[in-house]
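# Residue-level structural notes
Below, each chain spelled out in residue letters.
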Amino acid sequence: MTTTLTDPTTSYLLPEGTREIPFREALREAMTLEMRKDPRIFLMGEEVAQYQGAYKVSQGMLDEFGPKRIIDSPISENGFAGLAVGAAMYGLRPIIEFMSWSFSLVAADQILNNVPKMLYMSGGQWGCPVVFRGNNGAGGQLGSTHSWTVEALYSNVPGLKIAISSCPADAKGLLTSAIRDEDPVFHLESERMLGDKGPVPEGDYAVPFGVAALRRGSWSGERNSDCTLVSFGRPVNFCLDAAEELAKDGIECDVLDMRTVRPLDIGSIVESVRRTNRIVVVDQCWPFASVASEVIAQVCERAFDHLDHQPLRVNTDDVPTPYAKNLEAEYLPHKGKIIAAVRKSLGML
């Protein structure tokens with residue numbers, strides 16, 4: 001299902017009663033509030049309990065919920081991901097933390113071959129409502145094997161949902177929706193964003209899946225923007241930086257934060273392209289068979305006649321993630337690459 005944003009302000013304006021907290025605290029708040037309401041929910045992963053979380057996301061949760069619901073696991077993603085399959089089939093609601101989504105590859109059979117298929121394979125008798133969450137993408141000089149960006153690989157699998165937050169408010173809202181969902185959900189986070197602060201609503205707050213947020217631009221103004229920037233997760237912030245820089249030269253961009261890539265709000269992307277006639281998709285994945293590739297394919301299928309320039313994409317470079325700090329920075333999508341792509345779409349390069 002896709003949703004077109006006829007009133008994009010409703011997709012990102014926060015309710016009253018917000019306060020500035022870090023990304024990691026927003027994640028913790030989502031889990032804590034849901035665990036207080038539902039005794040079936042438990043959190044399991046490496047160092048989530050006694051050590052208070054490798055990145056302190058679960059700090060204080062062991063004291064409140066005890067060792068039967070905040071569970072330290074051995075270093076065996078294959079094992080505790082498999083445990084989650086059985087627990088979910090039995091009626092529990094596991095939240096599984098991967099210290100890095102790079103390590104989820106060890107559990108590929110459980111999370112890709114079992115979890116998404118269980119509802120179908122059982123003829124609708126039972127599913128696997130598991131939330132898998134943790135750090136995704138380059139965390140900062142961690143080397144190639146610890147810097148996987150997995151959404152392109154995993155979004156190819158039907159039967160699961162993938163949410164990627166770009167700000168603390170969405171971290172709480174999307175993770176809350178993930179925990180409540182009857183389908184398996186992968187919630188992908190960025191280690192580099194865990195300390196980022198932003199306004200987060202107090203109390204119950206959920207962000208629906210499949211509804212993009214227009215972070216910059218206006219669909220009710222007299223002038224259309226010049227280009228549509230589409231992204232999700234951490235690169236949304238790079239798009240906003242690029243749009244701010246381009247605006248100094250009179251170039252205006254819509255910045256669409258997709259929030260989820262499964263389901264994908266293609267309706268909002270098409271609606272923006274009809275107004276701007278150009279699109280640049282910014283994606284942390286490698287370019288070949290990336291999420292950006294899928295977005296562009298769907299735009300060409302649905303809005304080809306509205307395009308005044310070929311769709312462009314900004315991905316990580318098609319090489320293993322470098323370790324050197326300067327090489328890693330250049331390898332990733334960044335403001336300079338985005339600005340160049342927008343200018344190219346306008347025939348300025």
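Rules of the game
- Residues numbered from 1 in each chain as written.
- Predicted model: local features only at pLDDT ≥ 70, side-chain atom pairs only at ≥ 80, totals over all residues.
- Heavy atoms only, no water.
- Pairing = 2+ DSSP bridges.
- Helix = DSSP H or I, 4+ residues; strand = E, 2+ residues; numbered from the N terminus.
- Axes fitted to C-alpha atoms, helices over the stretch in contact; angles between N-to-C directions.
- Contact = heavy atoms within 4.5 Å.
- Parallel < 35°, antiparallel > 145°, perpendicular 65-115°, else oblique.
- Left-handed = near helix turned anticlockwise from the far one by under 90°.
- Nonpolar A, V, L, I, M, F, W, Y, C, P; charged D, E, K, R; others polar.
- Buried < 20%, exposed > 50% of the residue type's maximum accessible area, 1.4 Å probe, protein only.

## Comments concerning the sheet that holds strand β14 (residues 312-314)
Spatial ordering of the open sheet is given by β9-β11-β10-β13-β14, a layout of five strands whose pairing is mixed. Each edge of the sheet is formed by a strand with only one pairing partner; in this case those strands are β9 (213-216) and β14. Sheet twist, expressed as the average angle between the axes of neighbouring strands with direction ignored, equals 25°. By the bridge criterion, three bridges tie strand β10 (residues 227-231) to strand β13 (residues 279-282) in an arrangement that is parallel. Bridged to V230 within β13 is V281.

## Details of the environment of A49
Structurally, A49 can be placed in the loop between β2 (41-45) and α2 (61-65). In this structure the C-alpha to C-alpha distance between A49 and F80, which are 31 residues apart in sequence, comes to 15 Å. Leaving out residues up to four positions away in the same chain, A49 has contacts with L62, I70 and D72.

## Examining the packing of helix α8 (residues 235-247) against helix α12 (residues 335-345)
It is at 9 Å that the axes of α8 and α12 come closest, and there the two elements cross at 55°. As the angle between them shows, α8 and α12 are arranged oblique. Between α8 and α12 the crossing geometry is right-handed. Listed contacts from α12 to F238, C239, D241, A242, E245 and L246 of α8 are K335, I338, I339, V342 and R343. Of the residues contributing to the contact of α8 with α12, the split by class is seven nonpolar, no polar and four charged.

## Here we look at the side chain of R133
Mapped onto the secondary structure, R133 falls in strand β5 (residues 131-135). What makes R133 buried here is its relative accessible area of 1%. Discounting residues that sit within four places of it in the chain, R133 has contacts with L27, M31, L43, V57, I95, I96, E97, F98, W101, L175, H187 and E189.

## Things to note about unusual backbone geometry
Note that the residue after R262, namely P263, is joined by a cis bond; omega there is 5°. Relative to the helices and strands, P263 resides in the loop between β12 (260-262) and α9 (266-276). With a phi angle near 55°, Q141 is a residue other than glycine that sits in the positive phi range. Secondary-structure assignment places Q141 in the loop between β5 and α6 (151-154).

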